[in-house]
Amino acid sequence: MTARELVGTWTPLPLLGPAGDQLRGSVITIGAAGTFLSVCEKGLPPWVRLGRWEHGAWEWSAAWTVPPPPNDDGAPARWSSHIDSVDSVWLDIDRLDPLRIAINRTEYQGGSHGVVVGRWGGDFEEIRSPTDSDIRFGQPIVLRGDELWSHDTSELWHFRRSGGAWHGTSTDCTPQFCEGRDELGWVADVAPDGRWLVLDVWGCVAVFERRAAAGGGGERFAWTRTLASGGSVEALGQTPNGLVVVYRDGEGVGVEIVLYDEDLRVIRRWAVDGGGRAGSAFIEGRRVVLHGEGVLLVFDLFAGVVTHRLVLPPELAVRRHALSACVRVFGGLVCVVSRGAIGVYELA
């Protein structure tokens, strides 16, 4: 089967200020309700829009300002004291409600100024970072109903909402780090029924399972097993057919796509030429998007082959290892954000 080549439709991002070097960071996420675009522009509070691609054009909501981090005493703050310290907002969609989202205010050096959770158009609740603002937290975020997971590079944090507030417990992961690794990775997902969470640890995938906490104090997620690999973890995600993990081979020229069943046993493996030196990947539904040389390759899990080659404009090329922030696929639509523009590729 010959892969179909698409060039896509590219349009400017719906920024509030002038284009150019004013854009500090942007992240997209797509779900059943549409496309959430979160943007940080120089000198402005971070904002989010909800958009829908209809009849070859975007329809965007008004920009909604992300709530500022609270003061140390918990009282509401103003963005004027935080604008320069937050340069992107990481966003995740609730697995159970397509209009409910979690947003991390990412500190300019990679740390976090806390997470807010709420339903689009409604009130948002605060989850304060459990560590210092210059230590990574909120990347990744996994939201499922009244539960949220993230980590601070060495501890997995599990938050549960009760009594109108979020309460967190942690699991120390350092005793079980894969050989040669000393921090947790950037991608995670949760089982459809919430019984386990998977998280990349660069060269392997950690499986955390729900367990009763010692002394009858609720629940915690324990690192119970590891899915080993021969290369680094490029992406992972839950699909209708099971968990899919993309591993980059040791030479960096291709990837292995592995499908696991609900008990995390291997069902199928595919080897895919990365079209040059393999970069990162993204998974959604039946499709895996791989980063090749100047193109995105769309691998169809049902067909077992690359069905589309999405040509990237040279001046808007997506940076390697940036797919987790700037590429999303949902149904027959692939969206790419790069350098102040958004591209749409219709696969149907």
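In what follows, the structure referred to is the one given above.
Residues numbered from 1 in each chain as written. Predicted model: local features only at pLDDT ≥ 70, side-chain atom pairs only at ≥ 80, totals over all residues. Heavy atoms only, no water.

Some remarks on the sheet that holds strand β12 (residues 142–144)
Judged by pairing direction, the sheet is antiparallel, and its four strands sit side by side in the order β12-β13-β14-β15 without closing on themselves. The open sheet has two edge strands with one neighbour each: β12 and β15 (165–172). Strand-to-strand twist in this sheet, taken as the mean axis angle between neighbours without regard to direction, amounts to 20 degrees. Note: strand β14 (residues 155–162) against β15, eight bridges, orientation antiparallel. Across the sheet, residue S162 finds its bridge partner in β15, namely A165. (Pairing = 2+ DSSP bridges. Helix = DSSP H or I, 4+ residues; strand = E, 2+ residues; numbered from the N terminus. Axes fitted to C-alpha atoms, helices over the stretch in contact; angles between N-to-C directions.)

Side note on the environment of G332
Note on placement: G332 falls in the loop between β28 (327–330) and β29 (333–338). Counting along the chain gives 15 residues from G332 to L347, while the straight-line C-alpha distance between them is 5.0 Å. If we skip the residues at most four places from it in the chain, G332 touches R287, Y345, E346, L347 and A348. (Contact = heavy atoms within 4.5 Å.)

Considering the side chain of R136
As for its position among the elements, R136 is in the loop between β11 (124–127) and β12. A polar contact is formed between the side chain of R136 and the backbone oxygen of Q139, at a distance of 2.7 Å. From its side chain, R136 meets the backbone oxygen of G185 in a polar contact 3.3 Å long. If we ignore the near neighbours within four places in the chain, the residues touching R136 are G110, G111, H151, D152, T153, E183, L184, G185 and W186. (Polar contact = N/O pair within 3.5 Å; in protein donor to acceptor, adjacent residues only side chain to side chain.)

A few points about the pattern of salt bridges
Opposite charge on two side chains makes pairing possible when the charged atoms of those side chains draw close. In this structure the tally under the stated criterion is 22 salt bridges. The closest approach of N and O atoms between E147 and R160, which form a salt bridge, is 3.1 Å. One end of the pair, E147, is in strand β13 (residues 147–151); the other, R160, is in strand β14, with 13 residues separating them in the sequence. Taking relative accessible area as the criterion, R160 reaches 36% and is therefore assigned partly exposed. Taking the shortest distance from any N to any O, the salt bridge between R211 and E209 comes out at 3.8 Å. Connected via shared salt-bridge partners are D193, R195, D261, D263 and R265. (Salt bridge = Lys/Arg side-chain N within 4 Å of Asp/Glu carboxyl O. Buried < 20%, exposed > 50% of the residue type's maximum accessible area, 1.4 Å probe, protein only.)

A few points about the nonpolar core
Membership of the largest hydrophobic core comes to 30 residues, with the highest contact counts inside it found for L310, V334, V336 and Y345. If you list the elements that add at least two residues to this core, you get β3 (23–31), β4 (34–41), β5 (47–54), β26 (295–300), β28, β29 and β30 (341–346). Counting residues in each nonpolar core, the second largest holds 17 residues, with L156, L184, L197 and F221 among its members. (Core = buried A, V, L, I, M, F, W, Y, C linked by side-chain atoms within 4.5 Å.)

Focus on the packing of aromatic side chains
According to the stated counting rule, one finds twelve aromatic pairs in the structure shown. By the ring-pair criterion, three or more aromatic residues cluster together here, those being F36, W64, W120 and F124. R49 extends its terminal NZ or CZ atom over the ring of W47, reaching a point 4.9 Å from the ring centre. (Phe/Tyr/Trp six-rings, centres within 6.5 Å; stacked < 30°, edge-to-face > 60°. Lys NZ or Arg CZ within 6 Å of the ring centre and 35° of its normal.)

What to know about the side chain of T239
By secondary structure assignment, the location of T239 is in strand β20 (residues 232–239). If we skip the residues at most four places from it in the chain, T239 touches V244, L259, I283, G285 and L301.

Quick word on the sheet that holds β29
With antiparallel pairing, the four strands of this open sheet are ordered in space as β2-β30-β29-β28. A single partner strand is all that each edge strand has here, and the edge strands are β2 (9–12) and β28. Each adjacent strand pair in this sheet contributes to an overall mean axis angle of 20 degrees, direction not counted.

Section: the environment of R269
Within the secondary structure layout, R269 lies in strand β23 (residues 266–273). Here R269 falls in the partly exposed class, since its relative accessible area comes to 47%. Once residues within four sequence positions are removed from consideration, R269 is found in contact with E256, I257 and V258. Looking at R269, its side chain comes within polar contact range of the side chain of E256, at 3.4 Å.

As for the pairing of strand β6 (residues 57–60)
Each regular strand shows side chains that alternate between the opposite faces of the sheet. Inspection of the sheet shows β5 paired to β6 by four bridges, in the antiparallel sense. Pairing of G51 across the sheet is with W60, part of β6. Connecting β5 to the antiparallel partner β6 that follows it, the hairpin turn spans two residues, and H55 within it adopts a positive phi of roughly 55 degrees.

Structural notes on unusual backbone geometry
Note the cis peptide between Q139 and P140, where omega equals 5 degrees. Positive phi, close to 55 degrees, is recorded for H55, a residue that is not glycine. Overall, H55 belongs to the exposed group, its relative accessible area being 83%. A positive phi angle, close to 65 degrees, is found at L264, a residue other than glycine. In this fold, L264 is placed in the loop between β22 (254–260) and β23. In this structure L264 comes out as buried when scored by relative accessible area, which is 6%.

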